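Chain and residue survey
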Amino acid sequence: QKTSAFRVQIEVGGEQKHVVFLDTPGHQAFSEMRSRGANMTDVVVLVVGAPEGVMPQTVESINHAKAAKVPIVVALNKIDSPQATDGQIQKIYGQLAEQGLNPVPWGGQTEVVPTSALKGTGINELLEILDLQQQVLDLKADFAGPARGRVIEATLAEGRGAVATILVQQGELNVGDFIVVGRGFGKVRDIADDQGRRLKSATPGMPITISGLDEVPDAGDPFFVTESLRKAQEAAEQRRQREREAQLQ
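Residues numbered from 1 in each chain as written. Predicted model: local features only at pLDDT ≥ 70, side-chain atom pairs only at ≥ 80, totals over all residues. Heavy atoms only, no water.

Next up on the list: the nonpolar core. In terms of nonpolar packing, the biggest core is built from 19 residues, with Leu46, Ile72, Val74, Leu76 and Leu96 touching the most fellow members. With residues near it in sequence (within four places) discarded, Leu76 still touches Val48, Ala50, Ile89, Ile92, Val112, Val113, Pro114 and Thr115. One finds Val168, Ala202, Met206 and Ile210 within the second-largest nonpolar core, a separate group that totals 18 residues. (Core = buried A, V, L, I, M, F, W, Y, C linked by side-chain atoms within 4.5 Å. Buried < 20%, exposed > 50% of the residue type's maximum accessible area, 1.4 Å probe, protein only. Contact = heavy atoms within 4.5 Å.)

Okay, here's the thing in structure tokens:
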């Protein structure tokens, strides 16, 4: 049950762009993020296997995405499989329509991109549709000012203490910044990108790992930068107090 995050450079329409993928193979992590009101992603790519069709866990993922009010693009994978007949594809369109995702080929709004992870078929088309969604949604971020964002994963690492993988959504995060991350707080000791390279700062659209926190936060927790360590501690204490009160009820 681990959510991985990685940032890739792609070429779309002759332009160099970056896309951040949050890969949630386990549904538990996604559920936890959703339950904390975390709208971490701009577009959900729902991977449906053409031979299998819409499974119970697919319906669960659709419901999570709807609850988070995030648009869905369907990647119809394994399209090169012998079972991916026209009849099977039409059946899947029907299954998607039953879940409120009426496919574009049926005159609906939901993009369904035939793909093959094995052969790389349809991947460029998928990226182009994601880029189009970005333009339609007019997704922008403020690169100036103190950083804000969300926790993707967090754990206790030997020799490093509490370590959090976070996604910067606004502003700039620097080594030495005072930070509140859920119930944890501290001074950012180090920053590493998704390749493990050490950085001095990070900006929106970057999944990074930081250390220097006094406690392990939860997936989906918000983080923000404060002016001083004392203010960071006060904000974290307020969160802890709310959690204690909630447990007593």
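Bringing the packing of aromatic side chains into the picture now. Inspection of the entire model under this criterion finds two aromatic pairs. Taken together, a centroid distance of 6.0 Å and an interplanar angle of 80° make the contact between Tyr93 and Trp106 edge-to-face. A residue pair is termed long-range when its members are at least 10 positions apart, and Tyr93 in helix α3 (residues 86-98) and Trp106 in the loop between α3 and β5 (112-114) qualify at 13 residues. Classification of Tyr93 as buried rests on a relative accessible area of 10%. Taking the relative accessible area as the measure of exposure, Trp106 reaches 40% and is therefore partly exposed. (Phe/Tyr/Trp six-rings, centres within 6.5 Å; stacked < 30°, edge-to-face > 60°. Helix = DSSP H or I, 4+ residues; strand = E, 2+ residues; numbered from the N terminus.)

Moving on to the sheet that holds β5. Pairing between the strands of a sheet comes from backbone hydrogen bonds, and it takes one of two forms, parallel or antiparallel. Reading across the sheet, the three strands line up as β3-β4-β5 and stay open at both edges, with parallel pairing between neighbours. A strand with exactly one partner marks an edge of an open sheet, and here the two such strands are β3 (44-49) and β5. Sheet twist, expressed as the mean angle between neighbouring strand axes with direction ignored, is 25°. Judged from the three bridges that link them, strand β4 (residues 72-77) and β5 form a sheet pairing that is parallel. Along β5, the bridge assignment pairs Val74 with Val112. Against the sheet, helix α4 (residues 123-137) contacts β3, β4 and β5, and its axis sits at roughly 180° relative to β4. (Pairing = 2+ DSSP bridges. Axes fitted to C-alpha atoms, helices over the stretch in contact; angles between N-to-C directions.)

We now examine the pairing of strand β6 (residues 148-157). Pairing analysis gives nine bridges linking β6 to strand β7 (residues 161-170), with the strands arranged antiparallel. Residue pairing in the sheet places Thr155 in a bridge with Val163 of β7. Counted between consecutive antiparallel strands, the loop separating β6 from β7 contains three residues, among which Gly159 sits at a positive phi close to 85°. Relative to strand β14 (residues 222-226), β6 runs antiparallel, the two being bridged by three bridges. The partner of Arg150 across the bridge, within β14, is Pro222.

The subject of this paragraph is the pattern of salt bridges. Under the definition given, this model contains 15 salt bridges. One salt bridge in this structure joins Arg240 and Glu215, with 3.4 Å as the shortest N-O distance. Taken together, the residues span a long stretch of sequence, with Arg240 in helix α5 (residues 229-248) and Glu215 in the loop between β13 (206-213) and β14 at a distance of 25 residues. When the shortest N-O distance is used, the salt bridge between Arg239 and Glu243 registers 2.7 Å. Here Arg239 pairs with Glu243, and both are found in helix α5, just four residues apart, close to one helical turn. (Salt bridge = Lys/Arg side-chain N within 4 Å of Asp/Glu carboxyl O.)

Right, let's talk about the side chain of Ser211 for a bit. Along the polypeptide, Ser211 turns up in strand β13. Exposure remark for Ser211: the relative accessible area of 1% places this residue in the buried category. A polar side-chain atom of Ser211 sits 3.1 Å from a polar atom in the side chain of Asp190. Ignoring anything within four residues of it in the chain, the contact list for Ser211 reads Arg160, Ala162, Val163, Lys187, Val188, Arg189 and Asp190. (Polar contact = N/O pair within 3.5 Å; in protein donor to acceptor, adjacent residues only side chain to side chain.)

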